[in-house]
Amino acid sequence: SIGAGASDVGLSKEDIKKAFLHKLFYHLGRVPALTTPNDLYTAMALTIRDRALRKFVRSIEEFTQQDARGVAYLSAEYLPGPHLGNNLLNLHIVEETKEALAELDLDLDEILDQEGEPGLGNGGLGRLASCFMDSLATLGIPSIGYGIRYEFGIFKQEIKEGWQMETTDKWLHSGNPWEIVRPEISYVVKFGGRTEHRTNGQNRYEVDWLPDSEIKGTAYDTPILGYQSNGIIMRLWKAEAVESFDFSVYNIGDYYRAVEKKLRSENITKVLYPNDENLSGKELRLKQQYFFVSCSLQDMIRLHTMQGRKLKKFHEKFAIQLNDTHPSIAVAELMRLLVDEHEIEWDEAWDITRQTFAYTNHTLLPEALEKWTVSLLGRILPRHLEIIYEINSRFLEELRDKGYSGDQIARMSLIDEQGEPSVRMAHLATVGSFKVNGVSELHSRLLKSQVLNDFADLWPGKFTNVTNGVAHRRFVAVSNPGLANLISEKIGFGWLTNLSSLSELEKFAKDEKFQQRWRDVKLQNKTALTRFIEEQTGVKVDPDMLFDVQVKRIHEYKRQHLMVLHIIDLYLRIKDGKTENIAPSTFIFAGKAAPGYFLAKLIIRLITAVADLVNDDEEVNKLIKVVFLPNFNVKQAQRVYPAADLSEQISMAGKEASGTGNMKFALNGALTIGTLDGANVEIREEVGDENFFLFGQTTEEIQQTRREGYRPYQYYEENEKIKRVLDFLVSGELANGDKDLFKPLYHNLLQQDPYQLLKDFDSYCAKKEEVFKVWNDQEEWTKKSILNVARMGKFSSDRSIQDYCDRIWQVKPVKIQE
Ligand code: 26M
C-alpha cells in the first residue's frame, strides 16, 4: 500500500474536527468566524470525501491483487441524492461528526440541509442505478458505474399559476466536493464521416473509419461508499474538445472558429434529456449515448490490458450490464474495437461480445422502446451501422436455417422496415447479450410473452427476472432515523446489512406500547413534513390527518388523475353534507412532467386547481386538503416517504415495470393502495393480502376488456358518480370558471381512456372506503403498518444485486481486511 495511511483519515471526533478545520482553512481559505453555509458544507464534504477515498483506494488495491472478475454497470442516468448523510452512516461516524461540529457551535442538520443533489436522471431508472451502486459497494463487488456528467441535470420544477415551469438545474454552480477530475484518464471519441474497406497485405479484410469530428471524454470520479465496507466509483464522462482542435494549431484568424468548435464539443454532455418513457430520437441524445459508451469501453479495455491480460479473455474479467437500451450501442462498439482496432476475427469477437453483455429491460410501453433511424445512425456512426447490418444478416441467416417464416424474421430483425427504416435497440441488446432480465416477476413474464416473445422462444434460457430493490440504508436508516432507532432498539442492527431480519419485528406487531411508539415516530415525521409543506407551498396541513401520497413522474399510465377523480368525488360528497365515513385526509402529490408532454402538464394543472378549490373552502378543508409539492427529487423524497400513511401505486396493470417508490413507502410503514402491477404483486405476496389495499383489473382482465371493445362513454352514461365527477371537470368550478381548460383530459377519458381509469374507478373508491375504515381503527392500522415493514425484507437492492451476482454476472465479493 502506498501513500496515505489510515492515520491520516481517522474517524474519531477529534480527527474529524481537526480535518474539518483544516479543509475550511486550507481548501476554502476561511476561518470559522467568517464562513457561509456553503463553506461549512464543502469543508465537511471534503473531510468525508478523503475518508471515502481511502476506502475506495483500498478496494481497488484488493480487487487488483485478487485479480477478481468484475462488473461494469452502464447507465445513461444516475440519481445519487445527497452524499453526505449517507456517507456518514456508511462510515459509522454520525455521532462523532455531530459532536465535533457541536464543539464548534455548528449543527450537522443545517449542514446536511445545504447539500444539493446531482439530478443526473429522470426517475426510477436513474435512482435504481444509484441504489445498485450502494449495494455493489456494500457487498464488496469489484465494480464500476459508468455514466454521463451532465452539466445540467433534470430541470428544476416550479409552479406558476398552477402550471409546471422548468428552469435549468445548475447543480455545479457552487462546486462539487465529491468528484475528482482525472485529466489523465481521457479518450477520444469519433463521430460522423465515412468508412473505407480494403484487404491488407496479409489478406485481412480491414475497415478504416474516417470521422469528421473527434471529441475527448474526461473521467470524473465520485466515490460511493458501502456500509461499513468497501467503496466503488461512479465514473462519469465529460465531453471536451480534443487538443488538436485547440486554437494553437490554427492560424490567428481561425481563433474564433476553434473556440466555437470547442464549445460545440462540450455540448454533448451539457444537458440531460428530460423525457422518460418516451423517446425523442434526437441526434444529440444518440451522440451522448455513444460518447459515454465508447469512453467506458475504452477505459475497460485499458484496465484489462494494463494488467497484461489478453483482450480475448475480456469476457472472463468483465460482465457489462446495460441499464435499458440507452447504452446498447455498446454491442456494436465493442465489436468495432475488437475487430477494427484490435484485429480479432469477427466470429471470435462476436463470441466475446455475447459473453460480456447482459441487458435489463425497464419498460414495455411501445412509445418508450428506443429506435434510431438508419439515416441518423448512418450519419453519426457509419461504421456502427455497418456492424449492426452484419450482425443482423448473420442473425437472420440463422433464423432462416431454422425455418423461420418471413413474417417472423421481419418481426425479429434488428431493422424495423415498416415506415422509415430504423434500428430496434432492444433487439440489438437482446441479440448481443447472454442474459436479458425484467425488473419484477410480472414484468419479466410480460416481457417474454409480449415485447421479446420471439426471442424468448428462440433462447428460453437467456431470459430471467431480477426484481428491483431499494437502498434501505438511505431510504430508512438515513432518512427516517426515528424509525431506524426504534427498529434497532428492538432487533439490533442486523437489518442494516440483512434486511430480511426485519421479520423479527413481527412479534411486536400487536404490542400496544410498541404500537404507540411506532405511531409517535410517524407523527414526528409528519410534523416535520407539515413544516416543509408550509414553507414550500404556504398550505397548512394537520399532521393528525391521514397522509395519502402519490409521488413519481407524472404519466397517464401511472394514473395520478384517478386519484384526483376520487378527491373530486369526496369534495362533492362533502358539499352534499354526506361526510360520514370520510377519514380526514391530506392528499399529497409530487412529480415532474416531461416538458413536452401536454397531458401530464395538464394533470399537474388539475391537481393545483383541485388543491386551490379544496384548501380555500372552509366547509371542505376541515376534512380534506390537497398539496402539490414542487420539484420532487431524491432529497425531497427522503422527507416524504417517512411521513406517509398511505402509498398510492395505482398504475394500470401491466404498465409499471416494477416501481421502486412502492418499496420505499412500505419500508417506512405506509400501507399501499395499489393494482396488481409491477412489484406491487410481490409486495402484496410478502406482506399478506390482508395488509394491502388491492383494487382494479388484472393484466388479463384489461386485455379481455380491450378485446371485447372498451367503451368509456358507457361508464359515463351508466355510472352516476363518474358522470358527476367528469362533468365537474368542465363545469367551470375549477380554475376560476375556465370551462375549457380540462376539456382535453375530459375528452381523453371519455373517448379513449387508454389506461381504463373509468373501468377501475368504482373499485378504487370502494377500496378507499375500506382504507378510511381501517384508519379509524388506529390499532389495526398500526399493526398492519408494522407487519408491512417486518415483511419487506425482500426489497433491499442488496438482494437484487446478490441475484445479479449469482444468476447473471457470476461474480463474487472481495472483502477487505483493514
Ligand atoms: C430515452 C430516450 C431519450 C431520452 C430519455 C429516455 C429515457 C430516460 C429514462 C427513457 C426512460 C427512462 O426511464 C424509464 C424508467 O425510469 N423506468 C422505470 O424504471 C424503474 C426501475 O426499473 C421501474 O421501477 C419503473 O417501473 C420504470 O417505469
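Remember, it's a predicted structure, so these values are computed and weren't measured experimentally.

Draft legend 1. How the structure looks around the overall build of the protein. Helix and strand counts for the protein stand at 32 helices and 22 strands. In summary, the protein has a C-alpha radius of gyration of 27 Å against a globular reference of 28 Å for 818 residues, a match within 12%. Here the protein, with 818 residues, has 50% of them falling under the buried criterion. A sequence separation of at least 24 residues applies to 76% of the contacts in the protein between residues at least 6 apart.

Draft legend 2. Representation of the packing of helix H6 (residues 124-139) against helix H32 (residues 797-809). Between H6 and H32, whose axes approach to 9 Å, the crossing angle comes to 75°. Here H32 runs roughly perpendicular to H6, going by the angle between their axes. For the pair formed by H6 and H32, the contact residues are Cys-131, Phe-132, Asp-134, Ser-135, Leu-136, Thr-138 and Leu-139 on the first element and Ser-797, Asp-798, Ser-800, Ile-801 and Gln-802 on the second. Of the residues assigned to the contact of H6 with H32, the class counts are five nonpolar, five polar and two charged.

Draft legend 3. Inspection of the packing of helix H1 (residues 13-27) against helix H4 (residues 94-103) at higher detail. Direction vectors running N to C along H1 and H4 enclose 55°, while the axes themselves pass 8 Å from each other. Classed by the angle they form, the pair H1 and H4 counts as oblique. Relative to H4, the crossing made by H1 is right-handed. Contacts from Lys-13, Ile-16, Lys-17 and Phe-20 in H1 reach Glu-96, Thr-97, Glu-99, Ala-100 and Glu-103 in H4.

Draft legend 4. Structural detail: the environment of Leu-21. Positionally, Leu-21 belongs in helix H1. Judged by the 17 C-beta atoms lying within 10 Å of it, Leu-21 is partly exposed.

Draft legend 5. Layout of the site of the ligand. With respect to spatial proximity, 25 residues lie near the ligand, and among them Gly-124, Leu-125, Tyr-273, Ala-657 and Ser-658 are the closest. Among the elements that take part in the shell around the ligand, H6 stands out by supplying three residues, more than any other. Considering only residue class, the shell around the ligand consists of seven nonpolar, twelve polar and six charged. Both domains that furnish three or more residues to the shell around the ligand are identified here as domain 1 (66-81 + 116-460 + 802-809) and domain 2 (472-795).

Draft legend 6. Seen up close, the nonpolar core. Membership of the largest hydrophobic core comes to 232 residues, with the highest contact counts inside it found for Ala-330, Ile-567, Ile-607 and Val-610. Tallying contributions element by element places helix H22 (residues 598-615) first for this core, with eleven residues. Mapping this core onto the domain boundaries places at least three of its residues in each of domain 1 (66-81 + 116-460 + 802-809) and domain 2 (472-795). Excluding residues that lie within four positions of it along the chain, Ile-607 makes contacts with Val-564, Phe-589, Val-626 and Phe-628.

Draft legend 7. Up close: the UniProt feature "modified residue: N6-(pyridoxal phosphate)lysine" (unreviewed entry) in the protein. The sites that carry the UniProt feature "modified residue: N6-(pyridoxal phosphate)lysine" (unreviewed entry) are, in the present numbering, Lys-664. Relative to the elements of secondary structure, Lys-664 occurs in helix H24 (residues 661-667). Take Lys-664: there are 30 C-beta atoms within 10 Å of it, and that puts it in the buried class.

Draft legend 8. Quick peek at the sheet that holds strand E5 (residues 180-191). The strand order across the open sheet built from nine strands is E5-E8-E9-E2-E1-E10-E11-E15-E16, with neighbouring strands paired in mixed fashion. Unpaired on one side and paired on the other, E5 and strand E16 (463-465) mark the two borders of the sheet. Strand-to-strand, the axes of this sheet are offset by a mean angle of 25°, without reference to chain direction. Taken together, the nine bridges between E5 and strand E8 (residues 213-225) define a ladder with antiparallel strand orientation. Among the inter-strand pairings, Ile-180 is bridged to a residue of E8, identified as Asp-221. Packed onto the sheet, helix H7 (residues 255-266) meets E8 and strand E9 (231-241) and runs at close to 145° relative to E9.

Draft legend 9. A look at the domain arrangement of the protein. For the protein, the domain assignment lists domain 1 (66-81 + 116-460 + 802-809) and domain 2 (472-795). Computed from C-alpha coordinates alone, the two centres of domain 1 and domain 2 are separated by 35 Å. Facing the 38 residues of domain 1 at the interface are 35 residues of domain 2. Elements with a contribution of two residues or more to the side of domain 1 that touches domain 2: H6, strand E3 (156-160), strand E4 (163-167) and helix H16 (441-449). Ranked by the residues each element gives to the side of domain 1 that touches domain 2, the list is headed by H6, at five residues. Here the residues of the side of domain 1 that touches domain 2 are counted per class, giving 13 nonpolar, 16 polar and nine charged.

Draft legend 10. Layout of the pairing of strand E15 (residues 433-438). Among the six residues that make up E15, five are buried, leaving the element largely enclosed by the rest of the structure. For strand E11 (residues 357-360) and E15, the ladder comprises four bridges, and the chain directions are parallel. From the neighbouring strand, Tyr-359 faces E15, where its bridge partner is Val-436. Both E15 and E16 contribute to a ladder of three bridges, which runs parallel. Residue pairing across strands places Gly-438 opposite Asn-465, the latter belonging to E16.

Draft legend 11. Region of interest: the pairing of strand E7 (residues 205-210). Judged by how many residues are buried, E7 sits mostly at the surface: zero of six residues are covered. The pairing of strand E6 (residues 194-199) with E7 spans six bridges and is antiparallel. Its bridge partner lying in E7, Arg-198 is registered against Glu-206. Between E6 and E7, which follow one another and run antiparallel, lie five residues, and Asn-203 among them has a positive phi close to 65°.

Here is what the cut-offs are and how they apply
Residues numbered from 1 in each chain as written. Predicted model: local features only at pLDDT ≥ 70, side-chain atom pairs only at ≥ 80, totals over all residues. Helix = DSSP H or I, 4+ residues; strand = E, 2+ residues; numbered from the N terminus. Rg over C-alpha atoms; globule rule 2.2 N^0.38 Å. Buried ≥ 20, exposed ≤ 12 C-beta atoms within 10 Å, placed from the backbone. Contact = placed C-beta atoms within 7 Å. Axes fitted to C-alpha atoms, helices over the stretch in contact; angles between N-to-C directions. Parallel < 35°, antiparallel > 145°, perpendicular 65-115°, else oblique. Nonpolar A, V, L, I, M, F, W, Y, C, P; charged D, E, K, R; others polar. Left-handed = near helix turned anticlockwise from the far one by under 90°. Near = placed C-beta within 6 Å. Domains from an automatic or database assignment. Core = buried A, V, L, I, M, F, W, Y, C linked by C-beta atoms within 7 Å. UniProt positions renumbered as here; feature names shortened; annotations may be inferred. Pairing = 2+ DSSP bridges.

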